[in-house]
Each structure stands twice: as structure tokens, then as C-alpha cells.
Amino acid sequence: MAKAVKLEDIAKRLGVSNVTVSKALSDKSGVSEEMRKRIKGLAQQMGYIPLSSQKTKENKGTGNIGVLVPSRFIDGSTSFYWAIYQMVVTKLQARGYYAILEILDDVDEENCQLPKMIQDEKIDGLIMIGQVNAKYSEYIWKNNIVPVIFLDFYDTHMEYDTIISDGFYGMYVLTDYLIKMGHRDIGFVGKVLYTSSITDRFFGYQKALLENHIPMRKEWVIDDRDMENNIKIELPNKLPTAFACNSDLAANMMISTLATRGLIVPDDISIVGFDNYLYSTLSTAQITTYEVKIDKMAELGVKTLLRKINHKEYTKGVQIITGQMVVKDTVKAR
């Protein structure tokens, strides 16, 4: 049997993105008429059959997947969570599904308000990106209307189906790298209990210190934000020789804050970040970091949710995507 033609097959032939192909075939704006004709012509020539038609045989749903993101995690095109959302959209479109984005504001979260896209029966399943309070995550998990997958956080309810990066191991590796480079005075930057991912990264930092018999100094565990997610870093009077930062954003902020004291990274103080997304390339120094595989997280999240929707077997509970350390320019041996 011939292999079904996918959006990505057409995209590769024409050297365009999956999104462009999807827009052209669904007559949406954002594609020139010339390109639209080329795409439609090639699709017909290759025998492309819309996946929405294929999946209807097994699922008579809407063909839409909801994506819910707390407003505090969205900061335009520079947000890490915006990047995850865009990757999720791409993975869904490759399977013939459309994404509907809804931003969760603080009031609806606190009052446990069901997303409008669920109330209006517009979606077949929901992907929640970014951590919400425990009461709301439990409410969404037990909504009894659509299946749910969480991305980039987990809660005490281990039965939740969630995809996370390996924050504990990643920060352990980064901190151990600092130690191997001769640093023994090492601080941590991140509001420890703000999200499960920051907490995991803090414990990875602690493990590396403990294994190397290095005491952790509380004054060197520095918040990078308040509980309203306002980014701010205040330096202690006495500084360590290195900081392990919970994100590249925090690392970039630390580099700028240190500069106000006339300190240069890595000549005076070494820095590591986390994510390897955007902010690692924004500062004057290229940040040594741990790369989060957001493409693999999105792929696994979409795959798991669609299997749930179609009542197929899937891996339940927490699934962890391991990344890798990326050595750049912000660590200097002592």
C-alpha cells in the first residue's frame, strides 16, 4: 500500500513550512496566490488526502485541539512558552488538526473557570502549557468533557498525564560542570517554589553541591521574580564565583545586573542558564546552558493526547524528555 502523502512531504518539495502548506490548502490568508496555486497543484499531483478526512473515520470530533496558557507566561514572541505553543501548532497541523489558543487570566484560574473553548464544545482535547495552581489543574484534569495533557509542569497528583523536561538532571549536570571548572562558591538564581520546573532545577543544583561536599549558602539562593512573575534580581553584598540560573532569561538578567557592579561574565563571575532558547543568544556573552528539547516535548504531548482522544493505548503519568548541555562562553575555569 502506498504511503499517505503528508503536509510535510509537500512542504519539503516546495521548500516552504508546514504552516504555509496548511494555510494554502485551507484557503487561509498569509499565502500569495501564486504559492497557493503551486501548493494545491502539487498536492493534487502527489495524491494528498487531508488528514482531517482520514481521521473522521475514527473520530467524529471537531478536528480542533485547545491550547491553554496562563497569561503570566506569555510575553509576545520572546516567551519560551510561546515557542512551545508554536511547536505544538506545527505538530498538530502535521496530523490534520487545528489549534485554538486561549489565554487563562488570573481571575479565571482562581475561580476555576472552565475555558470557553471547552464550554462551547469547540475542541476534542486540551493541552495546557505552563503551571497553574493545584486547584485549577485538578479542576481541568477532572473536567469530564475532553481529554487533557499538561506540558512543562506536574503536580502532586501523579496520575496526571504530563510531559516535562528533565530539570533536575539538567541543572545537576550544569552545576557539576561549574564544580569541575574549579568553582566551589556557587549560587542559584530562581524563585524555588514558583513552578515545579524551577523547584526541580534547584534540587539538581543541591545534589551536585552535596555530592561534592560543598555547603549551600542561603544568601546565594536568589529570587529572579516575585509571585506575580515580575522579573527582578537583587544581589547580595558578597558574591559567589558562579551562578546556576534556572533559565536563560534569568542568566541574561544576572549578566546585566552584575554589569551594574562593574563585573564581567565570565572574567569575574561565571554563569550557566537553562533552556537554550532565545535569551541564550541575546546577551553579549553566549550563555552556557542546558537545551530543552521543545520539539520532542510537543511531539510527545500531541501524540499522547491524540491517542487518548481516539481511545488508544498510551503512556500514562509523567513522561520526561532529556536534553543536553551546550557549552558556550559564560564559564571560566578557576
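Look up: the structure comes first, before these words.
On a predicted model such as this, the values are computed, not experimentally measured, just so you know. (Residues numbered from 1 in each chain as written. Predicted model: local features only at pLDDT ≥ 70, side-chain atom pairs only at ≥ 80, totals over all residues. Heavy atoms only, no water.)

(A) Highlighting the overall build of the protein chain. Check the secondary structure of the protein chain and you find 12 helices and 12 strands. The globule rule puts the C-alpha radius of gyration for 334 residues at 20 Å, and the 22 Å found for the protein chain is close to it. Each of the three principal axes of the protein chain carries a C-alpha extent, and together these read 65 × 45 × 35 Å. Looking at the protein chain, you have 41 positive and 41 negative side-chain charges, and the mean spots of the two groups are 7 Å apart. (Helix = DSSP H or I, 4+ residues; strand = E, 2+ residues; numbered from the N terminus. Rg over C-alpha atoms; globule rule 2.2 N^0.38 Å. Lys, Arg positive; Asp, Glu negative; His and termini not counted. Charge placed at Lys NZ, Arg CZ, Asp CG, Glu CD.)

(B) Summary view of the pairing of strand 1 (residues 64-70). A large share of strand 1 lies buried, amounting to 7 of its 7 residues. Here strand 1 shows no split at all, with Asn 64, Gly 66, Leu 68 and Pro 70 on one side and Ile 65, Val 67 and Val 69 on the other all buried. The sheet contact formed by strand 1 and strand 2 (residues 98-104) spans 7 bridges and is parallel. The residue of strand 2 that forms the bridge with Ile 65 is Ala 99. Two elements, strand 1 and strand 3 (residues 125-129), share 4 bridges in a ladder whose sense is parallel. The residue of strand 3 that forms the bridge with Val 67 is Ile 127. (Buried < 20%, exposed > 50% of the residue type's maximum accessible area, 1.4 Å probe, protein only. Pairing = 2+ DSSP bridges.)

(C) Spotlight on the nonpolar core. In this structure, Ile 65, Ile 84, Val 88, Ile 127, Ile 129 and Tyr 205 are the most contacted members of the largest nonpolar core, which totals 51 residues. Residue contacts for Tyr 205: discarding those within four places in its chain leaves Met 171, Tyr 172, Thr 175, Ile 186, Gly 187, Phe 188, Met 216 and Ala 244. (Core = buried A, V, L, I, M, F, W, Y, C linked by side-chain atoms within 4.5 Å. Contact = heavy atoms within 4.5 Å.)

(D) Inspection of helix 11 (residues 248-259) at higher detail. The end-to-end C-alpha separation of helix 11 is 17 Å, in line with the 16 Å expected for 12 residues at 1.5 Å each. Buried within helix 11 are the following residues: Asp 248, Ala 250, Ala 251, Asn 252, Met 254, Ile 255, Thr 257 and Leu 258. Each element contacted by the buried residues of helix 11 is listed here: strand 6 (186-189), strand 7 (221-222), strand 8 (242-245), strand 9 (270-272) and strand 10 (289-291). (Expected span 1.5 Å × (residues − 1).)

(E) Structural view of the side chain of Thr 241. Mapped onto the elements of the fold, Thr 241 is located in the loop between strand 7 and strand 8. Thr 241 gets classed as buried once you look at its relative accessible area, which sits at 13%. Not counting residues within four places of it along the chain, the set of residues in contact with Thr 241 comprises His 183, Arg 184, Asp 185, Asp 268, Ile 269, Ser 270 and Arg 334.

(F) Quick look at the sheet that holds strand 8. Read from one edge to the other, the open sheet built from 4 strands follows the order 7-6-8-9, with strand pairing classed as parallel. Taken across any chain shown, the strands that pair with only one partner, and hence form the sheet edges, are strand 7 and strand 9. Here 3 bridges tie strand 8 to strand 9, and the two strands are oriented parallel to one another. Bridge assignment links Ala 242 to a residue of strand 9, and that residue is Ser 270. The strands touched by helix 10 (residues 196-211) within the sheet are strand 6, strand 7 and strand 8, with strand 6 carrying the most contacts at an inclination of about 170°. Of the strands in this sheet, strand 6, strand 7, strand 8 and strand 9 touch helix 11, which is tilted by about 160° from strand 9. (Axes fitted to C-alpha atoms, helices over the stretch in contact; angles between N-to-C directions.)

(G) Highlighting the environment of Tyr 139. Here Tyr 139 lies in helix 8 (residues 134-141). On the basis of relative accessibility, which here comes to 33%, the residue Tyr 139 falls in the partly exposed class. For Tyr 139, the contacting residues outside a window of four places in its chain are Cys 112, Gln 113 and Leu 114.

(H) Representation of the side chain of Asp 248 in the model. One can find Asp 248 in helix 11. Lys 328 provides the closest opposite charge to the buried, unpaired Asp 248, separated from it by 6.5 Å. Side-chain polar atoms of Asp 248 contact the backbone nitrogen of Tyr 277, separated by 3.1 Å. One polar contact links Asp 248 to Thr 289, side chain to side chain, over a distance of 2.8 Å. (Salt bridge = Lys/Arg side-chain N within 4 Å of Asp/Glu carboxyl O. Polar contact = N/O pair within 3.5 Å; in protein donor to acceptor, adjacent residues only side chain to side chain.)

(I) Spatial organisation of a nonpolar patch on the surface. There is a patch of nonpolar side chains on the surface, built from Phe 168, Tyr 169 and Phe 203 and spanning about 280 Å² of accessible area. With respect to the helices and strands, Phe 203 occurs in helix 10. (Patch = residues over 30% accessible without salt bridge, like charges linked within 9 Å, V, L, I, M, F, W, Y side chains within 5 Å. Areas by Shrake-Rupley, 256 points an atom, 1.4 Å probe, with all protein chains shown as cover.)

(J) Inspection of the pattern of salt bridges at higher detail. Inspection of the entire model under this criterion finds 19 salt bridges. For Arg 72, the salt bridge is made with Glu 109, and the minimal N-O distance between the two is 2.9 Å. Here the residue Arg 72 occupies a position in the loop between strand 1 and helix 5 (80-93), and Glu 109 occupies one in helix 6 (residues 106-110), the gap between them amounting to 37 residues. You can call Glu 109 buried: its relative accessible area is 4%. Note that Lys 207 is salt-bridged to Glu 211, the shortest N-O span being 2.7 Å. Pair noted here: Lys 207 and Glu 211 are both in helix 10, with a separation of 4 residues, about one helical turn.

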